[in-house]
Amino acid sequence: MKFTFTEKKMDSSDLLRAYAEKKVSKLDRYFKREVEAQVTFSIERGRYRAEITIRDGGFFYRASELTQDMYASVDSAVAAIERQLRRNKTRLEKRLREGALDQRDAVPEFAASAAEEEEDGTYEVVRTKHFAYQTMSVDEAILQMNLLDHTFFVFRNADDDGLVSVVYRREQGGYGLIIDAGK
């Protein structure tokens, strides 16, 4: 497992990094190939947040925990990802096409940038993400959206000749699908 550590508004000790690496490495048994783990430590209003994101090919597993102790935050985040892995590993094996966990060609590249505030009454873009759309089935897209804990997910629809599509979580329950109709 490859690790990347990030600190926001704090400095982490080597002891904390070693502890997080040891705990997150226990999740390695769920993956067939080497995965990347991004661990972010931050302080928010006197509480400690540990955010762990694991990238396995085209799938992301993410958990963020906020507690009074950074070590407890790491433990809780690892436990949350382990629950996600156990719960969704079974779903992936049952529902998705064979080879759904294989490495994908297009891996999202995220870049964040802050937008400058313009005049009053305009909309402010506070974050921009750039990524390559992945080709996947609707079931895979819904699963990926749930793993990321997002309300929508953009992808290329394998069931519809690779058209750009969006799945989203409906307020009334269930999911919606938007398919690009073209020109």
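Residues numbered from 1 in each chain as written. Predicted model: local features only at pLDDT ≥ 70, side-chain atom pairs only at ≥ 80, totals over all residues. Heavy atoms only, no water.

## Quick word on a nonpolar patch on the surface
Taken together, the side chains of Leu163, Leu177 and Ile179 make up a nonpolar region of the molecular surface, amounting to roughly 210 Å² of accessible area. Position of Leu177 among the secondary structure elements: in strand S8 (residues 175-179). (Patch = residues over 30% accessible without salt bridge, like charges linked within 9 Å, V, L, I, M, F, W, Y side chains within 5 Å. Areas by Shrake-Rupley, 256 points an atom, 1.4 Å probe, with all protein chains shown as cover. Salt bridge = Lys/Arg side-chain N within 4 Å of Asp/Glu carboxyl O. Helix = DSSP H or I, 4+ residues; strand = E, 2+ residues; numbered from the N terminus.)

## Side note on the confidence of the model for the chain
Model confidence for the chain is summarised by a mean pLDDT of 80, while 80% of its residues fall at 70 or above. Note on residues 100-121: pLDDT under 50 across the span, and 45 contacts to partners over four residues away in sequence or across chains. (pLDDT = per-residue confidence, 0-100. Contact = heavy atoms within 4.5 Å.)

## Focus on the nonpolar core
Considering soluble globular proteins, one finds that nonpolar side chains tend to be buried as a cluster. Grouped together as the largest cluster of nonpolar side chains are 28 residues, with contacts concentrated most on Val24, Phe41, Ile52, Ile54, Tyr61 and Ile81. Elements with a minimum of two residues in this core: helix H1 (14-25), strand S2 (36-44), strand S3 (47-56), strand S4 (59-67), helix H2 (70-95) and helix H3 (138-148). Per-element accounting of this core gives the leading share, seven residues, to H2. Excluding its chain neighbours within four sequence positions, the residues that come into contact with Val24 are Met1, Phe3, Ala37, Val39, Ile52, Ile54 and Val78. (Core = buried A, V, L, I, M, F, W, Y, C linked by side-chain atoms within 4.5 Å. Buried < 20%, exposed > 50% of the residue type's maximum accessible area, 1.4 Å probe, protein only.)

## Digging into the pattern of salt bridges
Throughout the structure, instances matching the rule amount to five salt bridges. For Asp75, the salt bridge goes to Lys23, with nearest N and O atoms at 3.9 Å. Of this pair, Asp75 sits in helix H2 while Lys23 sits in helix H1, and the two are 52 residues apart along the sequence. Residue Asp75 is classed as partly exposed on the basis of its relative accessible area of 31%. Here Arg49 makes a salt bridge to Glu44, at a shortest N to O gap of 2.8 Å.

## Thoughts on H3
Burial runs high along H3: nine of the eleven residues are buried. Those residues of H3 that fall on the buried side of the exposure criterion are Val138, Glu140, Ala141, Ile142, Leu143, Gln144, Met145, Leu147 and Leu148. Asp149 occupies a position one or two residues after H3 and carries a positive phi of about 60°.

## Some thoughts on the environment of Asp11
Looking at the element boundaries, Asp11 is found in the loop between strand S1 (2-8) and H1. Along the backbone, Asp11 and Ser42 are 31 residues apart, and their C-alpha atoms lie at a distance of 8.7 Å.

## A look at the sheet that holds S4
Read across the open sheet, the four strands follow the order S1-S2-S3-S4; overall the sheet is mixed. Strands at the two margins of the open sheet, each flanked by one partner only, are S1 and S4. This sheet shows a mean twist of 15° between the axes of neighbouring strands, independent of strand direction. Of the strands in this sheet, S1, S2 and S3 touch H1, which is tilted by about 135° from S1. (Pairing = 2+ DSSP bridges. Axes fitted to C-alpha atoms, helices over the stretch in contact; angles between N-to-C directions.)

## A closer look at unusual backbone geometry
With phi around 60°, Lys9 is a residue other than glycine that occupies positive phi space. As for its placement among the helices and strands, Lys9 is situated in the loop between S1 and H1. A positive phi angle, close to 55°, is found at Asp161, a residue other than glycine. Along the chain, the position of Asp161 falls in the loop between strand S6 (152-157) and strand S7 (163-169).

## So, H1
Here H1 spans 16 Å end to end across twelve residues, near enough to the 16 Å set by a 1.5 Å rise per residue. By the burial criterion, the buried members of H1 are Leu16, Ala20 and Val24. Buried residues of H1, seen end-on, are gathered within an arc of 60° and therefore sit on one face of the element. Facing away from the buried side of H1 by more than 90 degrees, the exposed set consists of Asp14, Leu15 and Lys22. (Expected span 1.5 Å × (residues − 1). Arc of directions from axis to C-beta.)

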